[in-house]
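# Geometric and topological summary
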Amino acid sequence: MSITVQFCGAARTVTGSCYLFNTPTGRLLVDCGLFQGPKTLKALNYAPFPFRAEEVGAVLLTHAHIDHSGLLPKLKREGFSGPIMATRGTIDLCSYMLPDAGNIQEAEVAALNRRNTARGRDEVKPIYTQADAMATLDAFRPVEYQTWFDVMPGVRARYWNAGHLLGSASIEIEFAGQGEGGVPLRVLASGDLGPDAKLLEPDPEAPAGFDYVISESTYGDSDRPSTTASLRRAHLAQEVRDAAAAKGALLIPAFAVERTQELIVDLVYLMERGEIPTAPIFLDSPLAIRATEVFRRHAASLDAEVDVDRLLASPQLRFTETIDESKSIARLSGFHIIIAASGMCEAGRIRHHLKRWLWRREATVLLVGFQAQGTLGRFLHDGAKAVRIQGDEVKVAARIRYLDEYSGHADGPELARWIASRRPIHRGVFITHGEEPALKGLVERIAERTIPTASIFNPVLDDIYELSTAAPTPLDVVRRRRLAPDAVVNLDWHNDMSRLLLDINEQIEVAADDRARGVIIRRLRRALEQV
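Everything quoted here is computed from the prediction, not taken from an experiment. (Residues numbered from 1 in each chain as written. Predicted model: local features only at pLDDT ≥ 70, side-chain atom pairs only at ≥ 80, totals over all residues. Heavy atoms only, no water.)

Within the protein chain one finds 17 helices and 23 strands. Computed over C-alpha atoms, the radius of gyration of the protein chain comes to 24 Å, within 12% of the 24 Å expected from 2.2 N^0.38 for 531 residues, which places it in the range of a compact globule. Looking at the protein chain as a whole, 56% of its 531 residues qualify as buried. When contacts within the protein chain are restricted to residue pairs at least 6 apart in sequence, long-range pairs at least 24 apart make up 73% of them. As presented, the protein chain carries roughly 22,300 Å² of accessible surface, and 51% of it is formed by carbon and sulfur atoms. (Helix = DSSP H or I, 4+ residues; strand = E, 2+ residues; numbered from the N terminus. Rg over C-alpha atoms; globule rule 2.2 N^0.38 Å. Buried < 20%, exposed > 50% of the residue type's maximum accessible area, 1.4 Å probe, protein only. Contact = heavy atoms within 4.5 Å. Areas by Shrake-Rupley, 256 points an atom, 1.4 Å probe, with all protein chains shown as cover.)

The next thing to look at is the packing of aromatic side chains. Summed over the entire model, instances satisfying the criterion amount to eleven aromatic pairs. For the ring pair F49 and F51, a centre distance of 5.0 Å and an interplane angle of 15° mean the geometry is stacked. Each member of the pair, F49 as well as F51, carries the same accessibility label: buried. Residues F430 and Y465 carry aromatic rings whose centres are separated by 5.0 Å and whose planes lie at 65° to one another, so their mutual orientation is edge-to-face. You can see F430 sitting in strand 20 (residues 425-432) and its partner Y465 sitting in strand 22 (residues 464-466), a full 35 residues away along the chain. The exposure class of F430 is buried, given its relative accessible area of 1%. In textbook terms, an aromatic cluster arises when at least three aromatic residues are bridged by ring pairs, as seen for F7, Y19, Y212, F430, F457 and Y465. If you follow K74 out to its NZ or CZ, it ends over the ring of F49, 4.8 Å from the centre. (Phe/Tyr/Trp six-rings, centres within 6.5 Å; stacked < 30°, edge-to-face > 60°. Lys NZ or Arg CZ within 6 Å of the ring centre and 35° of its normal.)

Taken in spatial order, the six strands make up an open sheet running 14-13-15-12-16-19, and their pairing is parallel. Only two strands of the sheet have a single neighbouring strand rather than two, namely strand 14 (317-319) and strand 19 (399-402). Each strand of the sheet is rotated relative to its neighbour by a mean of 20°, with strand direction disregarded. Judged from the two bridges that link them, strand 12 (residues 249-253) and strand 16 (residues 364-367) form a sheet pairing that is parallel. If you follow L251 over to strand 16, its bridge partner there is V365. Here helix 6 (residues 229-246) sits on the sheet in contact with strand 12, strand 16 and strand 19, set at roughly 175° to strand 19. (Pairing = 2+ DSSP bridges. Axes fitted to C-alpha atoms, helices over the stretch in contact; angles between N-to-C directions.)

If you look at the biggest cluster of nonpolar residues, it comprises 74 residues, and the most contacted ones within it are L75, L93 and I339. Here this core gets seven residues from one element, more than from any other, and that element is helix 7 (residues 259-272). What L93 contacts, discounting residues up to four positions off in sequence, is A64, L165, L166, V257, A291, V294 and F295. Judged by nonpolar contacts, the second largest core, of 37 residues, contains Y19, I214, F457 and L483. (Core = buried A, V, L, I, M, F, W, Y, C linked by side-chain atoms within 4.5 Å.)

What follows covers the environment of G369. Considering the arrangement of structural elements, one finds G369 in the loop between strand 16 and helix 12 (376-381). By relative accessible area, G369 is classed as buried at 2%. It is 15 Å that separates the C-alpha atoms of G369 and I66, two residues lying 303 residues apart in sequence.

This part covers the pattern of salt bridges. With the rule as written, the count across this model stands at 31 salt bridges. One salt bridge in this structure joins D242 and R399, with 4.0 Å as the shortest N-O distance. Note that D242 is positioned in helix 6 and R399 in strand 19, a separation of 157 residues in sequence. Taking relative accessible area as the criterion, D242 reaches 31% and is therefore assigned partly exposed. Residue R399 is classed as partly exposed on the basis of its relative accessible area, which comes to 26%. (Salt bridge = Lys/Arg side-chain N within 4 Å of Asp/Glu carboxyl O.)

The buried count for strand 10 (residues 185-189) comes to five of five residues, which makes it a mostly enclosed element. Side-chain alternation along strand 10 places L185, V187 and A189 on one buried face and R186 and L188 on a second face that is also buried. Both strand 9 (residues 169-175) and strand 10 contribute to a ladder of five bridges, which runs antiparallel. Paired with I173 across the strands is V187, a residue of strand 10. Note that strand 10 and strand 11 (residues 210-216) share three bridges and pair parallel. From the neighbouring strand, L188 faces strand 11, where its bridge partner is V213.

As summarised here, the arrangement of the seven strands in space is 7-8-9-10-11-20-21, forming an open sheet in which the pairing is mixed. With one partner strand each, in any of the chains shown, strand 7 (149-152) and strand 21 (456-457) form the two edges of the open sheet. Helix-sheet contacts for helix 13 (residues 412-420) involve strand 9, strand 10, strand 11 and strand 20, and the interaxial angle to strand 11 is about 165°. Sheet strands touched by helix 14 (residues 436-446): strand 11, strand 20 and strand 21. Its angle to strand 20, the strand with the most contacts, is close to 155°.

Taken together, the side chains of K39, R114, R115, R119 and R121 make up a positively charged region of the molecular surface. In this structure, R115 sits in helix 4 (residues 88-119). (Patch = residues over 30% accessible without salt bridge, like charges linked within 9 Å, V, L, I, M, F, W, Y side chains within 5 Å. Lys, Arg positive; Asp, Glu negative; His and termini not counted. Charge placed at Lys NZ, Arg CZ, Asp CG, Glu CD.)

Once that is clear, we can look at helix 11 (residues 350-357). All of the buried residues along helix 11 are I350, R351, H353, L354 and W357. One side of helix 11 holds all its buried residues, which, seen down the axis, span an arc of 160°. In this structure, the buried side of helix 11 is in contact with strand 12, helix 10 (323-328), strand 15 (336-340), strand 16, helix 12 and strand 17 (386-389). (Arc of directions from axis to C-beta.)

This part covers the side chain of E346. Within the secondary structure, E346 is located in the loop between strand 15 and helix 11. Side chain to side chain, E346 and K42 meet in a polar contact 3.2 Å long. Engagement of the side chain of E346 in a polar contact is seen with the backbone nitrogen of L376, the distance being 2.9 Å. Residues in contact with E346, not counting those within four places in the same chain, are G37, K42, E108, R351, G374, T375 and L376. (Polar contact = N/O pair within 3.5 Å; in protein donor to acceptor, adjacent residues only side chain to side chain.)

Attention now goes to the side chain of E201. The topology assignment puts E201 in the loop between strand 10 and strand 11. Side-chain polar atoms of E201 contact the backbone nitrogen of L166, separated by 3.1 Å.

Shape is all these values report; function is a separate question.
Okay, here's the thing in structure tokens:
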């Protein structure tokens, strides 16, 4: 009998975390996340799983973020009937996040189908509905940190605080009798690891001595300057003062869970001390509003030095839950702050605010988290002069700023230290959950100085490894791949098409006269005819 692991997500990508363990007594999933980024990658959310949902016996969930939990309702709808193990904080957050995700998918598909009908195209269905998400919540089972529990016959697990998010965990898994000499085979899945000295969360923790470690690498090539709470607030204060001086809106695309609450805590703190202008802070996200209440309920388990409950109840904070309340923000002029999901600008109300403000020089957009390749947030971060939102071209005249000190992820040195602290690692380290530069950066940090290079593995999406051998053995899965490896790591044709359309429009606009514009159009037509 043997143990294998299939990397169904987070392999050469930062999204869609999902690892399938095949054991002698059943199948076990760690995470079941939604893919984000280029359309080719997001199309996997609609495609069949690379396994039978009804054959999965249990799910171990590291945390509530949608790129780790977002396909659980689809898994349930397609036949999964086992338990979903998670911490109480994760369960509380998922009780809002998953129904919200289903609602967003229904709304976006309805809008898409209206456009498809006008274009004579077939209608599409949402990945899952809000009702599907609600039905999934019954499968959740709470677990405590640092406490062993049985997952299925011959498999037990223990959760360790990962310091990334309320309820986040690294998961220690033991497979009885599968290690050398009949001892348990020991595996640690990092989940997402928080940075040192993160606001609201403790530093990540976990034991040592494993056969395998599966580590995230989101910021594996980054080395952030050391920071403190006061320095982080000082940098935020400067960005806010600059935005206020421009006399326009400050838009903060923020992940609804934890990043939003951290920002609110610091913004209110700075306003109370007169370090930034007092202004209304609009929390324009139903999910973020509900998540804020979850954080207030769990305040006692967060940073004891921060009065989370009081700061999150500030009179400067305005909740705009309904669509009409959200639209009413558009009537405001002058300086005000809008925090809205999603953090990568891929969905939600932030896109409406960006459409209204991006072309205005008095506006500021402050990006406060990782922006995955192919997302609108990444294009803004990389300096795009124009972007496409809901099918329309929008010029970018607003100030685009980036503040990395609110990141929920450990940087390269912190990841390398975390891996080193897990030694001895007897058989191998799998580096996942990162784009190519991040993956390579982390490998360079740990190769030889922490672990032999031959014991470091960079799986590609859908790779399967045998874990019962002396070293992990890759199995032949070429025929089973849902995407070619290059399609996972590169921008797709949808991104290229958007950029081409923007470039064409720019060249048409800057052409000297109608004659020059006609020349451009004729050349484009000839190029098309030659295809």
